[in-house]
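Chain residues, written in single-letter form:
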Amino acid sequence: MAAAEGPMVLRGRVHPGEYHDSVRLMRVAASVRALDGVEEVGVLMGSPANRELFVEAGLGFDGIDGATPDDVVVAVRGSSESAVEAALDAAEELLRTPQGSRRGIVYPTVESALRDAPGGAVGLITVPGEHAAAEARKLLEAGHPVMVFSDNVDVADEVVLKQLAHERGTVLLGSDCGTVMLGGLGLGFANQVPTGPVGVVAASGTGAQVVATTVAALGSGVSHMVGLGGRDLDDEVAGISLFDGLAALEKDPTTEVVVVVGKQIGRRTLGRLLEVVGSMRTPVVTCLFGQGNAWVSRLVGAWPASSLAEAGQVAVRLATGDLPGHSGDPVDLVAVGERRRELGPGRVLRGVFAGGTLAQEALQVARAVLDEVSSNLDGAVGTAGHSIVDLGSDEFTKGRPHPMLDPEAQAERIRGFGADATVGAILLDLVLGHGAHEDPGPLLAASVAAARERAAAEGRELLVVASVCGTDLDPQDAGRQREALRSAGVVVMESARAALFAALCVADETEQAAADARAATWLRRPEAVVSVGSTWFSDAVEAQGADVLHVDWRPPAGGDPELMDILDRLD
């Protein structure tokens, strides 16, 4: 591109009734931008939003206001009249040049393509976001899995469509899903990698690609890559496709290890993920960026990775038997589920600790699962909601012995919780050793028994979970102390695992019906792809030897918003 000299020349053209997908328009713009004398180019459909983009970029011209969403708008700014006119001519020639697809039949609508689509076909949606939900629904209602590459889809539409897909025993992958691979066939952006034992579930297209290429570089392969779209792990969407994908991979005989990749994950969705992962037989590697406490997945037997490359490496080691199937001894999530049902909805967690560091550990774990947990460790303790208190802090020991010397402060609070109908779970520690109280277990057990008896009299279940720091050689005998607590109905666990157990028991459950056997039927190489939108991705699929039923999509009603609204109401 030549350096600009003198005043710039701006010209534009409107090509009526020549709808092209966004990928093709971007490629035309890139080709024209490389011509001599061209400074800037815009090639877009003439929707109101796109016309505003032209004006904001300094590419507005006389006549652009008359363009419709079914027209192609080309604007060029360059160093001379001749350079600009040549660029406009070049853009027109490129738009008229047939694309190099090997496609046979091209269908005018999704409905017409569905009449010829085999039952094992998958939908690929690449139309503008405001139209993607309507086209995806047609495919989902016909029982086909759908990948929505399009972005700018309304999140409410995404939730509704994912719930519809789940109910129909299929899946919606997306929106804004860049990478999917089913049985070796890549959709969207996908590397050519060997098939093998590693399945990937990812809310990040490039993240899935890095994991897959790392696995391939280590001599292994990928069974499937289930792309979710960037919002699936948000609590608003609640991981609907994530859990459908995990259920399908768990049943898939070719998948021996699963890698979960995400940029962000909501706390409620993370809590649900911990439950699902803890119940899976297949080893799981988690790589969750932007979630500093995602390490908590180790406590349910997963393998948390700090980078995408590490996730691929750990997955290969698990698949080859270099690592055990689970990291450590996971929390019993069957027991967690049973306890949660006993507690009922809307209950809170209260933690009362003698050890400051143990309280901090419990707080860190609980906050990985629960939305709000107050604590005196980093502020004030709220009068309502979840809370964890370090009773050994200075504000509680003025004029009173430290709770490790005298556990009465813990016992007093535990008795009070029995009268509080909002409390569902109590978390406490018991610290033994020389210098500590000579026999704290029976004293705390008595307070627990009183609290549970009070709650039971009011028709409530009260869960109490404790950790014991000590050994059987300590003067108090840790084994005897544990038995004293258990005799009062206390669940005794290791410290961090105890915190996770209690937090999960009171966490809000995300409503998600169990995936049935049909969920696994879409996890295979598609018999065909119904491509709605970009021919670029159709050609990429055909290049892999797959059949494509391409829909020559056009905006309904010529893209006129008022006419589209009328058509929607008629439907």
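Let me begin by describing the structure that accompanies this report.

Calculation rules
- Residues numbered from 1 in each chain as written.
- Predicted model: local features only at pLDDT ≥ 70, side-chain atom pairs only at ≥ 80, totals over all residues.
- Heavy atoms only, no water.
- Helix = DSSP H or I, 4+ residues; strand = E, 2+ residues; numbered from the N terminus.
- Buried < 20%, exposed > 50% of the residue type's maximum accessible area, 1.4 Å probe, protein only.
- Contact = heavy atoms within 4.5 Å.
- Areas by Shrake-Rupley, 256 points an atom, 1.4 Å probe, with all protein chains shown as cover.
- Lys, Arg positive; Asp, Glu negative; His and termini not counted.
- Charge placed at Lys NZ, Arg CZ, Asp CG, Glu CD.
- Core = buried A, V, L, I, M, F, W, Y, C linked by side-chain atoms within 4.5 Å.
- Pairing = 2+ DSSP bridges.
- Axes fitted to C-alpha atoms, helices over the stretch in contact; angles between N-to-C directions.
- Salt bridge = Lys/Arg side-chain N within 4 Å of Asp/Glu carboxyl O.
- Polar contact = N/O pair within 3.5 Å; in protein donor to acceptor, adjacent residues only side chain to side chain.

Details of the overall build of the protein
Within the protein, the secondary structure is distributed over 19 helices and 22 strands. With the principal axes as the frame, the protein shows a C-alpha extent of 95 × 50 × 50 Å. The buried share of the protein, taken over its 571 residues, is 54%. For the protein, long-range pairs separated by at least 24 residues make up 73% of all intrachain contacts whose partners lie at least 6 apart in sequence. Accessible surface, the protein: about 23,700 Å² in total, of which carbon and sulfur atoms supply 51%. Separation of charge centres in the protein, based on 46 positive and 79 negative side chains, amounts to 4 Å.

Some thoughts on the nonpolar core
In terms of nonpolar packing, the biggest core is built from 77 residues, with Leu246 and Leu500 touching the most fellow members. Filtering out sequence-adjacent residues up to four positions away, Leu500 remains in contact with Leu274, Val296, Leu299, Val300, Val331, Val365 and Val369. Val74, Leu88, Val127 and Leu140 belong to the second largest nonpolar core, which has 44 residues in total.

Some points on the sheet that holds strand 10 (residues 198-202)
The sheet built from seven strands is open, its strands ordered 9-8-11-10-12-13-14 with mixed pairing. Since the sheet does not close on itself, it has two edges, and those belong to strand 9 (185-188) and strand 14 (303-304), each with one partner. Of the strand pairs in this sheet, strand 8 (residues 179-182) and strand 9 are connected by four bridges, and their pairing is antiparallel. If you follow Thr179 over to strand 9, its bridge partner there is Gly188. Seen against the sheet, helix 8 (residues 240-251) touches strand 10, strand 11 (222-227) and strand 12 (257-262) and runs at an angle of roughly 170 degrees to strand 10.

Remarks on the sheet that holds strand 3 (residues 72-78)
Strand order in the open sheet formed by three strands is 1-3-2, and the pairing between neighbours is antiparallel. Of all the strands in the sheet, just strand 1 (9-15) and strand 2 (38-45) have a single pairing partner and so form its edges. Direction aside, the axes of adjacent strands within the sheet are offset by 10 degrees on average. Pairing between strand 2 and strand 3: seven bridges, direction antiparallel. Note that in strand 3 the partner of Val43 across the bridge is Val74. Helix-sheet contacts for helix 1 (residues 22-33) involve strand 2 and strand 3, and the interaxial angle to strand 2 is about 165 degrees.

What to know about the pattern of salt bridges
Scanning the entire structure with this criterion turns up 29 salt bridges. Glu158 is paired through a salt bridge with Lys162; the nearest N and O atoms lie 3.0 Å apart. Taken as a pair, Glu158 and Lys162 lie in helix 6 (residues 155-167) at a separation of four residues, close to a single helical turn. Each member of the pair, Glu158 as well as Lys162, is classed as buried. Put simply, Arg554 and Asp552 hold a salt bridge, and the shortest N to O gap is 2.8 Å. By relative accessible area, Asp552 is classed as partly exposed at 36%. Residues joined in a network through salt bridges with shared partners are Arg13, Glu85, Asp89, Glu92 and Arg96.

Things to note about the side chain of Ser538
Checked against the element boundaries, Ser538 lands in helix 18 (residues 535-542). In terms of polar contacts, Ser538 uses its side chain to reach the side chain of Ser531, at 2.7 Å.

Here's the deal with the environment of Asp406
By the element assignment, Asp406 lies in the loop between helix 13 (394-397) and helix 14 (408-417). Accessibility expressed as a relative area gives 29% for Asp406, which makes it partly exposed. Separated by 356 residues in the primary sequence, Asp406 and Asn50 place their C-alpha atoms 71 Å from one another. Here Asp406 is in contact with Pro401 and His437, once residues within four sequence places are set aside.

A few points about the pairing of strand 5 (residues 121-125)
When a strand is regular, its side chains alternate between the sheet's two faces. Burial analysis of strand 5 places five of its five residues in the buried class, which makes it a mostly covered element. As paired elements, strand 5 and strand 21 (residues 528-532) share five bridges and run parallel to each other. Its bridge partner lying in strand 21, Ala121 is registered against Ala528. As defined by bridge partners, strand 5 adjoins strand 6 (residues 146-148) across three bridges and the pair is classed as parallel. In the strand pairing of strand 6, Leu124 is matched with Met147.

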